[in-house]
Amino acid sequence: SSTQSTMPSTRSTSPPKSAWPGVSGIDISHHNIRFSKQDWTYLREQGYSFCYIKATEGSHFQDDTYKRVGKAARDAGFKLGYYHFFRDNVSAEKQFANLIAHIDTRLTTLPIVLDYEKDGFVGKESEKVKKQRLRALSILVEEYQGRKPIIYCNLIEAAKLLPSFHDHQFWISD
C-alpha cells in the first residue's frame, strides 16, 4: 500500500510486471478522495502515470466522485481507467448494465478493471458460480470496450482464477 503523510491511503500500485514493466499507478474511490492539485503533482513526481477510479459496484452503486476525479486525473496528465467492484450475488448482466450506464470509455485510455475481492463476496455462491459470473461480466465488458478487462484481486484469488482466466491480465493487490 502506498501511503504518505499528505496522501490518502491507496492500494497496491504496481500492475503485473509482465504487463507494464516499470509503470506505476493508483486507484481511487470515494473512500480516499481528498486529492488536491498539489497531490496530483506529487504523484507525478513520484513516478505515477495512471489512475483507476471506482465507477460502479454491483447492480446499483455508482461512486459519486468518479467524474470529478477522472477530470482532475486527465487534467494532471494521468492515463485514466475505471473499475467496477464485482459482487458475487448479482448477475453479470445487471452489473454490466450498471457499469455502462455510468462510464464513458471515450474519456479513458486504459482497459476496464473488474475488482474481484473477498469484500464483494456477500452471497453464498460457490467458487464455480463466482467464476461463471466473472467470466460472463468479462465477456460483456470485452464486447463493449473492445478489449479484455483486467482483473484486480489478491494473490490467493488470482491462483484460483488463473486456470480459467489465463487469457486476462491480473493486477495483484498487496
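Conventions used here
Residues numbered from 1 in each chain as written. Predicted model: local features only at pLDDT ≥ 70, side-chain atom pairs only at ≥ 80, totals over all residues. Heavy atoms only, no water. Helix = DSSP H or I, 4+ residues; strand = E, 2+ residues; numbered from the N terminus. Buried < 20%, exposed > 50% of the residue type's maximum accessible area, 1.4 Å probe, protein only. Contact = heavy atoms within 4.5 Å. Areas by Shrake-Rupley, 256 points an atom, 1.4 Å probe, with all protein chains shown as cover. Arc of directions from axis to C-beta. Phe/Tyr/Trp six-rings, centres within 6.5 Å; stacked < 30°, edge-to-face > 60°. Lys NZ or Arg CZ within 6 Å of the ring centre and 35° of its normal. Polar contact = N/O pair within 3.5 Å; in protein donor to acceptor, adjacent residues only side chain to side chain.

(A) Structural view of the overall build of the protein. Broken down by element type, the protein carries five helices and seven strands. Listing the helices and strands of the protein from first to last along the sequence gives β-α-β-β-α-β-α-β-α-β-α-β. The burial tally for the protein puts 47% of its 174 residues in the buried class. Residue pairs at least 24 apart in sequence account for 70% of intrachain contacts in the protein once pairs closer than 6 positions are excluded. In the form shown here, the protein has an accessible surface area of approximately 8800 Å², with 52% of it arising from carbon and sulfur atoms.

(B) The arrangement of helix H2 (residues 66-75) in detail. Those residues of H2 lying buried are Tyr66, Val69, Gly70 and Ala73. When H2 is viewed along its axis, its buried side chains cluster within an angular range of 105° and face the same direction. Those residues of H2 that are exposed and aimed more than 90 degrees away from the buried face are Lys67, Arg68 and Asp75. Two residues or fewer after H2 comes Gly77, characterised by a positive phi angle close to 90°.

(C) Region of interest: the packing of aromatic side chains. Under the counting rule described, the total for this entry stands at eight aromatic pairs. Measuring from centroid to centroid gives 5.3 Å for Phe86 and Tyr116, while their planes differ by 40°, and the two rings are tilted. With a gap of 30 residues between them, Phe86 in the loop between strand S4 (79-85) and helix H3 (92-102) and Tyr116 in the loop between strand S5 (113-115) and helix H4 (127-145) connect regions that are remote in the sequence. Accessibility assignment for this pair places Phe86 and Tyr116 in one class, buried. Three or more aromatic residues joined by ring pairs form one cluster here, namely Phe50, Tyr52, Tyr152 and Trp171. Directly above the ring of Phe85 sits Lys54, whose terminal nitrogen or CZ lies 5.1 Å from the centroid.

(D) Region of the structure containing the side chain of Thr108. Mapped onto the secondary structure, Thr108 falls in the loop between H3 and S5. Since its relative accessible area comes to 11%, Thr108 is described here as buried. For Thr108, the side chain forms a polar contact with the main-chain oxygen of Thr105, separated by 3.0 Å. Not counting chain neighbours up to four residues away, the residues in contact with Thr108 comprise Leu80, Gly81, Tyr82 and Gln145.

(E) Geometry of H3. By the burial criterion, the buried members of H3 are Ala92, Gln95, Phe96, Asn98 and Leu99. The buried residues of H3 all sit within an arc of 160° when viewed along its axis, so they share a single face. Opposite the buried face of H3, by more than 90 degrees, sit the exposed residues Glu93, Lys94 and Ala101. Its buried side turned inward, H3 meets strand S2 (48-57), strand S3 (61-62), S4 and H4.

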